[in-house]
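The lines below spell out each chain.
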Amino acid sequence: MWLILSLIAALSTSLTTIFAKIGINNVKSNFATFYRSGIIIICCVIICFISKSYQQISSLSLFNWLFLSLSAIASGCSWLCYYKALKISNINKVAPIDKSSYILSSILFLIFFFDDTTKGGDVLTICMILLSSSLIFIGTILMINKQKNENVQSKKWLIYAILSAIFASVVSLFVKIGLSDIPSDLGTLIRSIIVFIFTFFVVIFKKDYRGVRKIDGKSWLFLTLSGLATNVAWLCEYYALNMTNSNPIAINSITKLSILLTMFFSYFILKEKFSKKSLLGLSLLTSGIVVIIIFSL
């Protein structure tokens, strides 16, 4: 079941990126992140009332609140940087760097959940994790296409993309710890509310609410779809992480397969071009993900 949920999360994640890229064209990236957070909250509230998991909110420990809050703030920072990078550059350049967060998150899972991620310290599994991380790193580097006429201003996307990956790398770990003994949908709701509050203050501070009335219907539609897709991705991934005997590195790896669908959609829908070098990089990156999935199951 956690394998199926992870695959659904991967599909939803790829749709999240595509919808956001289409919807963010005429919208300030910080406001787009804030709006999407609101959509996620609405979905989570409905789900929590259906499952009645909201009744367990009083049972949350300080430990749960701490790590859910940390994961939410990390998610908020990652989103702000990611959509800023998407605003500046193409998906086929930004998404691979975001997916490289797997490398750091795998190291963190090895440290904090060693037995779960290495099958009790199996040497072959550890070697495969290192091989997978190496392939993903090399593939990511190859997919970063530098344009000859790219100036300092236009290179800012790379900084934002790297920051997005760094923040994203700690999210799954904090979620895994924070969801201990509580329903996943309740944890997702709490995280969404914290992200919403965090991005609200960012929007107010930077005055990114200006020009909201000029946002067209198409942008509202695709930002809403992006929020809905994010909600599905979060719920599926966090249900999987919260399941007994699930492998957090395998789940994290499977969700990263969204890179294939993201690149597919970016080529056929957004008409973004790929060089031979970037295609080689995508092949290596995907190979690294597949390797670790096979040896983590």
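Residues numbered from 1 in each chain as written. Predicted model: local features only at pLDDT ≥ 70, side-chain atom pairs only at ≥ 80, totals over all residues. Heavy atoms only, no water.

Further remarks concern a nonpolar patch on the surface. Together, Leu104, Ile107, Ile111, Phe112, Ile159, Ile162, Leu163 and Ile166 make up an exposed nonpolar region whose accessible area comes to about 730 Å². At the level of secondary structure, the elements contributing two or more residues to the nonpolar patch comprise α5 (101–112) and α8 (156–178). Within the secondary structure, Ile166 is located in helix α8. (Patch = residues over 30% accessible without salt bridge, like charges linked within 9 Å, V, L, I, M, F, W, Y side chains within 5 Å. Areas by Shrake-Rupley, 256 points an atom, 1.4 Å probe, with all protein chains shown as cover. Salt bridge = Lys/Arg side-chain N within 4 Å of Asp/Glu carboxyl O. Helix = DSSP H or I, 4+ residues; strand = E, 2+ residues; numbered from the N terminus.)

Right, let's talk about the side chain of Arg191 for a bit. Mapped onto the secondary structure, Arg191 falls in helix α9 (residues 184–206). The buried charged residue Arg191 lacks any salt bridge, with Glu237 as its nearest oppositely charged partner at 8.0 Å. Setting aside chain neighbours within four positions, we find Arg191 in contact with Leu68, Ser71, Ala72, Ser75, Val171, Val175, Trp234 and Tyr238. (Buried < 20%, exposed > 50% of the residue type's maximum accessible area, 1.4 Å probe, protein only. Lys, Arg positive; Asp, Glu negative; His and termini not counted. Contact = heavy atoms within 4.5 Å.)

Bringing the packing of aromatic side chains into the picture now. Summed over the entire model, instances satisfying the criterion amount to 15 aromatic pairs. Where Tyr267 meets Phe268, the ring centres are 4.9 Å apart and the plane angle is 85°; that geometry is what we call edge-to-face. Take Phe268: its relative accessible area is 48%, and that puts it in the partly exposed class. Site record: aromatic cluster; members linked through ring pairs are Phe31, Phe34, Tyr35, Phe196, Phe200, Phe201 and Trp220. One residue, Arg36, lies across the ring of Trp79, its end atom 4.6 Å from the ring centre. (Phe/Tyr/Trp six-rings, centres within 6.5 Å; stacked < 30°, edge-to-face > 60°. Lys NZ or Arg CZ within 6 Å of the ring centre and 35° of its normal.)

Moving on, we get to the packing of helix α3 (residues 62–88) against α8. The N-to-C vectors of α3 and α8 enclose an angle of 155°; their axes lie 7 Å apart at closest approach. The pairing of α3 with α8 is recorded here as roughly antiparallel in orientation. Read as a crossing pair, α3 and α8 show a hand that is left-handed. Looking at the contact of α3 with α8 residue by residue, the classes come out as 21 nonpolar, 6 polar and 2 charged. (Axes fitted to C-alpha atoms, helices over the stretch in contact; angles between N-to-C directions. Parallel < 35°, antiparallel > 145°, perpendicular 65-115°, else oblique. Left-handed = near helix turned anticlockwise from the far one by under 90°. Nonpolar A, V, L, I, M, F, W, Y, C, P; charged D, E, K, R; others polar.)

Our next topic: a positive patch on the surface. Together, Lys84, Lys87, Lys156 and Lys206 give the surface a local cluster of positive charge. With respect to the helices, strands and loops of the structure, Lys156 is situated in helix α8. Classification of Lys156 as partly exposed rests on a relative accessible area of 35%. (Charge placed at Lys NZ, Arg CZ, Asp CG, Glu CD.)

Residues other than glycine predominantly adopt negative phi, and peptide bonds predominantly adopt the trans conformation. Backbone geometry at Lys52 places phi at a positive 60°, although glycine is not the residue there. Relative to the helices and strands, Lys52 is located in the loop between α2 (29–51) and α3. For Lys207, which is not glycine, the phi dihedral falls at a positive 60°. Inspection of the secondary structure assignment puts Lys207 in the loop between α9 and α10 (217–242). Overall, Lys207 belongs to the partly exposed group, its relative accessible area being 38%.

What follows concerns the environment of Thr125. Take Thr125: it is sitting in helix α7 (residues 123–143). Expressed as a C-alpha distance, the spacing of Thr125 and Val291, which sit 166 residues apart in the sequence, is 10.0 Å. With near-sequence residues (within four places) excluded, Thr125 lies in contact with Thr117, Thr118, Lys119 and Phe295.

Secondary-structure assignment places Trp2 in helix α1 (residues 2–23). Once the C-alpha coordinates of Trp2 and Asn242 are considered, the two residues, 240 residues apart in sequence, prove to be 9.0 Å apart.

So, to be careful, I would describe these as geometric facts and stop short of saying anything about function.
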